[in-house]
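Next come the chains, spelled out residue by residue.
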Amino acid sequence: MASILILTLAACAGTSGPRAQQQPTQSSRAADENVALAQQYIQDGQYEVALGRLQHALSLDPRSANAHTMMGLLNERIGRDQQAGVSYRRATELQPDRGDIANNYGTWLCKHGQERESLRWFERAIEDPFYRSPDSALANAGACARRTGDLPAAEEYLRRALEANGRNPRVLQELALIQYEKGDYMRARAFVQRREASGPPDGEVLDLAARIEDRLGDRDAAHRYRSRLASEFPEFRPSTPGN
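No experiment lies behind these values; they were computed from the predicted model shown. (Residues numbered from 1 in each chain as written. Predicted model: local features only at pLDDT ≥ 70, side-chain atom pairs only at ≥ 80, totals over all residues. Heavy atoms only, no water.)

Trainee: Even after reading the chapter, I still don't get the overall build of the protein chain, so can you show me in this structure?
Mentor: Of regular secondary structure, the protein chain possesses twelve helices and zero strands. In sequence order, the protein chain lays out its α and β elements as α-α-α-α-α-α-α-α-α-α-α-α. Here the protein chain holds 243 residues, and the buried ones make up 48% of them. Contacts spanning at least 24 positions in sequence make up 57% of the contacts within the protein chain whose residues lie at least 6 apart. As displayed, the protein chain offers around 12000 Å² of accessible surface, 48% of which is attributable to carbon and sulfur atoms. (Helix = DSSP H or I, 4+ residues; strand = E, 2+ residues; numbered from the N terminus. Buried < 20%, exposed > 50% of the residue type's maximum accessible area, 1.4 Å probe, protein only. Contact = heavy atoms within 4.5 Å. Areas by Shrake-Rupley, 256 points an atom, 1.4 Å probe, with all protein chains shown as cover.)

In structure tokens, the structure reads:
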């Protein structure tokens with residue numbers, strides 16, 4: 001599961017209640033400026049420079065949930081997964097009602113074998129009325145519920161995500177995979193086709209599409225998908241069972 005960071009730099013950083021509004025201090029504003037710079041450096045792959053900016057941000061405002069969240073992302077990027085979890089958790093302690101922060105921590109938990117605990121955080125993200133991307137948290141919850149084997153719950157989360165954003169590629173892909181696992185190959189094919197229409201497919205989509213066509217007995221279609229997979233993603237190795 002890919003971690004999707006949707007971070008809105010908030011003036012109310014450091015609150016512990018339900019979105020208590022506080023006037024930003026000079027230090028908190030400066031901290032957020034450093035977080036914004038760090039985010040750009042991370043996107044550019046300049047991780048050491050980003051680390052320096054985040055350390056400075058935290059020296060200016062140790063209670064900046066934005067800084068702790070971005071530190072979690074950076075730690076994930078450089079392979080410090082446990083430190084990432086500590087940073088994400090600290091951000092939730094500082095701003096427990098922010099959906100983006102809850103979603104990021106839930107994503108980390110799911111990636112590290114704590115799927116059932118992660119669902120609690122995705123639910124918290126979904127409950128935030130100010131969260132701009134509830135379909136992201138719903139998609140993550142659906143993917144994580146599928147990993148626990150609870151396909152009905154997974155499908156419910158994903159259908160809610162689809163209602164929020166009918167062209168979310170991640171949601172369409174997860175729904176295709178669930179239908180495949182249920183043995184409903186025609187519906188799986190339909191979701192793959194919708195996924196392809198939503199944007200260029202990745203290796204996982206092409207591999208799943210080929211397996212669906214195998215089950216439906218369309219060898220030509222399966223061959224076309226596998227040819228594309230070999231041509232467009234030569235390094236691809238499936239992360240899901242091939243049967």
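Trainee: Got a minute to help me understand empty space enclosed by the protein in this structure?
Mentor: Over the atoms rolls a probe the size of a water molecule, and its path tells where empty space is left. For the coordinates displayed, the defined rule picks out two cavities of 30 Å³ or more. Approximately 40 Å³ is the volume found for the second largest cavity. Counting only elements with at least two residues in the lining of the second largest cavity, the list comes to helix H10 (185-198) and helix H11 (203-216). (1 Å grid on protein atoms, 1.4 Å probe; cavity = no way out; pocket = protein on both sides within 12 Å on 5 of 7 lines; lining within 4 Å. Points joined across faces, edges and corners; volume = space filled by probe spheres on them.)

Trainee: Looking at this structure, how should I read the packing of aromatic side chains?
Mentor: Here a ring pair, both rings aromatic, is described through the centre-centre distance and the interplanar angle of the planes. One pass over the structure, following the stated rule, counts three aromatic pairs. An angle of 75° between the planes, with centres 5.1 Å apart, marks the rings of tyrosine 105 and tryptophan 121 as edge-to-face. Here tyrosine 105, found in helix H5 (residues 99-111), pairs with tryptophan 121, found in helix H6 (residues 115-127); they are 16 residues apart in sequence, far enough to count as distant. The class for tryptophan 121 is buried, based on a relative accessible area of 3%. Members of the aromatic cluster, joined through ring pairs, are Tyr105, Trp108 and Trp121. One residue, arginine 211, lies across the ring of tyrosine 180, its end atom 5.0 Å from the ring centre. (Phe/Tyr/Trp six-rings, centres within 6.5 Å; stacked < 30°, edge-to-face > 60°. Lys NZ or Arg CZ within 6 Å of the ring centre and 35° of its normal.)

Trainee: Sorry, what's going on with the environment of tryptophan 121 here?
Mentor: Spatially, the C-alpha atom of tryptophan 121 lies 5.3 Å from that of alanine 102, the residues being 19 residues apart in sequence. Setting aside residues up to four positions removed in sequence, tryptophan 121 forms contacts with Arg89, Thr92, Ala102, Tyr105, Gly106 and Leu109. At a separation of 3.2 Å, a polar atom in the side chain of tryptophan 121 contacts the side chain of glutamate 117. (Polar contact = N/O pair within 3.5 Å; in protein donor to acceptor, adjacent residues only side chain to side chain.)

Trainee: Which parts of the structure should I look at to understand the environment of serine 227?
Mentor: Looking at where serine 227 falls in the secondary structure, it is placed in helix H12 (residues 219-232). On the accessibility criterion, serine 227 (36% relative accessible area) is partly exposed. Along the primary structure serine 227 and leucine 206 are separated by 21 residues, whereas in three dimensions their C-alpha atoms are 9.4 Å apart.

Trainee: Can you walk me through the nonpolar core in this structure?
Mentor: It is characteristic of soluble globular proteins that their nonpolar side chains tend to be buried jointly. Judged by nonpolar contacts, the single largest core of 56 residues is most densely connected at Leu54, Leu119, Tyr157, Val171, Val192 and Leu208. Looking at this core element by element, the count peaks at seven residues for helix H9 (residues 169-182). (Core = buried A, V, L, I, M, F, W, Y, C linked by side-chain atoms within 4.5 Å.)

Trainee: Which parts of the structure should I look at to understand the packing of H11 against H12?
Mentor: Direction vectors running N to C along H11 and H12 enclose 160°, while the axes themselves pass 8 Å from each other. Here H11 lies roughly antiparallel to H12, going by the angle between them. Seen along the crossing, H11 lies across H12 with a hand that is left-handed. Counted together, Gly203, Leu206, Asp207, Ala209, Ala210, Arg211, Glu213 and Asp214 of H11 and Ala221, Ala222, Tyr225, Arg226, Arg228, Leu229 and Glu232 of H12 form the full contact between these two elements. Of the residues assigned to the contact of H11 with H12, the class counts are seven nonpolar, one polar and seven charged. (Axes fitted to C-alpha atoms, helices over the stretch in contact; angles between N-to-C directions. Parallel < 35°, antiparallel > 145°, perpendicular 65-115°, else oblique. Left-handed = near helix turned anticlockwise from the far one by under 90°. Nonpolar A, V, L, I, M, F, W, Y, C, P; charged D, E, K, R; others polar.)

Trainee: Any chance you could explain the state of the cysteines here in plain terms?
Mentor: Two cysteines whose sulfur atoms are joined by a covalent bond form what is called a disulfide. Overall, the coordinates contain one disulfide when judged by the stated rule. The disulfide that involves cysteine 110 links it to cysteine 144, with 1.9 Å between the sulfurs. Classification of the bridge connecting cysteine 110 and cysteine 144 rests on its S-S torsion, roughly 115°, and on that basis the disulfide is right-handed. With cysteine 110 in helix H5 and cysteine 144 in helix H7 (residues 134-147), this pair connects stretches of sequence that are 34 residues apart. By relative accessible area, cysteine 144 is classed as buried at 0%. (Disulfide = S-S within 2.5 Å.)

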